[in-house]
Amino acid sequence: MSRTDAPPLPEPLRVPVADSHTHLDMQDGTVEEGLARAAAVNVTAVVQVGCDVKGSHWAAETAAAHPSVHASVALHPNEAPRIVHGDPEGSARQGARELGGQTALHDALAEIDALAALDHVRGVGETGLDHFRTGPEGMAAQEESFRAHIEIAKRHGKALVIHDREAHADVLRILADAGAPERTVFHCYSGDADMARICAAAGYFMSFAGNVTFKNAQPLRDALAVAPAELVLVETDAPFLTPAPYRGRPNAPYLIPVTLRAMAEVRGTDEDTLAATVYDNTARAFDF
């Protein structure tokens, strides 16, 4: 079996569940094929997340065309510094970018704002801070973008979807300072149990991805164990973060049952109860 082969379909869940964060545009096959595989294992709704202007338009269009897809739109935290400062090297997926300055950032944010007004767009994100990939020179652009997204989410009454990588204290500080939207989701929750208690006190949703199954992820499992049931979500972040035992192979929404079953074990509950709770939580978080 090759590392590039898609994992097999898991046993279907008995109770429908939602994938709170996925990137269908980065996965193999058509949207229809991906949704059909997900539906076959009782993953009946997905939140498609944009990471730049182009991807956010795609998310909105895909949600408009598919009732089981809900869109979230944003500039990823690493996208804001690329817009402001340029990225002459680029990457295979994103390509090079010319220096655009503050004007280009404000123009991009205006496009996100317009998309966030659409009814089938249910979230603003993924936004936040990433201290892993962006150095000190990009921090100001990241924070400006994050604060702008918080305001966009509040203005349109949409969920705020947060990307927080090695930036816990700063993310929590900015949320407290700016005033978090009514519904705030920590996508791919990466904090420990202490941070989970802080998030719970603030009413923030915590969405757990396939990395909760990794051997070295005990702090994540500790956080999951103390998170209030009404604030727990599940996601793939596909095609990334494929759960064990398929780590390193392509992820997709149909693998949600693998992660959900591992989560149920950590929480000492049965999978049917957790699936029902998580679906209700996701529908409440994204107002669908």
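Thresholds, definitions, all that
- Residues numbered from 1 in each chain as written.
- Predicted model: local features only at pLDDT ≥ 70, side-chain atom pairs only at ≥ 80, totals over all residues.
- Heavy atoms only, no water.
- Phe/Tyr/Trp six-rings, centres within 6.5 Å; stacked < 30°, edge-to-face > 60°.
- Helix = DSSP H or I, 4+ residues; strand = E, 2+ residues; numbered from the N terminus.
- Buried < 20%, exposed > 50% of the residue type's maximum accessible area, 1.4 Å probe, protein only.
- 1 Å grid on protein atoms, 1.4 Å probe; cavity = no way out; pocket = protein on both sides within 12 Å on 5 of 7 lines; lining within 4 Å.
- Points joined across faces, edges and corners; volume = space filled by probe spheres on them.
- Nonpolar A, V, L, I, M, F, W, Y, C, P; charged D, E, K, R; others polar.
- Polar contact = N/O pair within 3.5 Å; in protein donor to acceptor, adjacent residues only side chain to side chain.
- Contact = heavy atoms within 4.5 Å.

J.: Which residues make up the packing of aromatic side chains, and what are the values?
T.: Summed over all chains, the structure comprises three aromatic pairs. Taking 5.7 Å as the distance between ring centres and 35° as the angle between the ring planes, the aromatic pair formed by Phe186 and Tyr204 counts as tilted. Here the residue Phe186 occupies a position in strand S6 (residues 184-186), and Tyr204 occupies one in the loop between helix H7 (193-202) and strand S7 (205-208), the gap between them amounting to 18 residues. By the burial criterion, Phe186 is buried, and Tyr204 matches it. Each ring, one from Tyr189 and one from Phe208, has its centre 5.4 Å from the other, and the planes form 50°; the classification is tilted. Highlighted residues: Tyr189 in the loop between S6 and H7 and Phe208 in strand S7, separated in sequence by 19 residues.

J.: Requested: an account of the layout of surface pockets, with residues and values cited.
T.: Roughly 1200 Å³ of internal volume is contained in the largest pocket. Lining of the largest pocket is provided by 40 residues; of these, His76, Asp130, Arg133, His163 and Arg165 occupy positions nearest its centre. Sorting the residues of the lining of the largest pocket by element identifies helix H3 (79-85), strand S4 (121-130), strand S5 (159-165) and helix H8 (218-226) as the ones contributing at least two each. The element contributing the most residues to the lining of the largest pocket is H3, with four residues. Taken together, the residues of the lining of the largest pocket break down into 10 nonpolar, 17 polar and 13 charged.

J.: Please provide a residue-by-residue account of the side chain of Thr127, values included.
T.: Locating Thr127 in the fold gives a position in strand S4. The exposure class of Thr127 is buried, given its relative accessible area of 1%. One polar contact links Thr127 to His149, side chain to side chain, over a distance of 3.5 Å. Setting aside anything within four residues of it in sequence, one finds Thr127 in contact with Ala74, Leu75, Pro77, Ser145, Phe146, His149, Leu160, Val161, Ile162 and His163.

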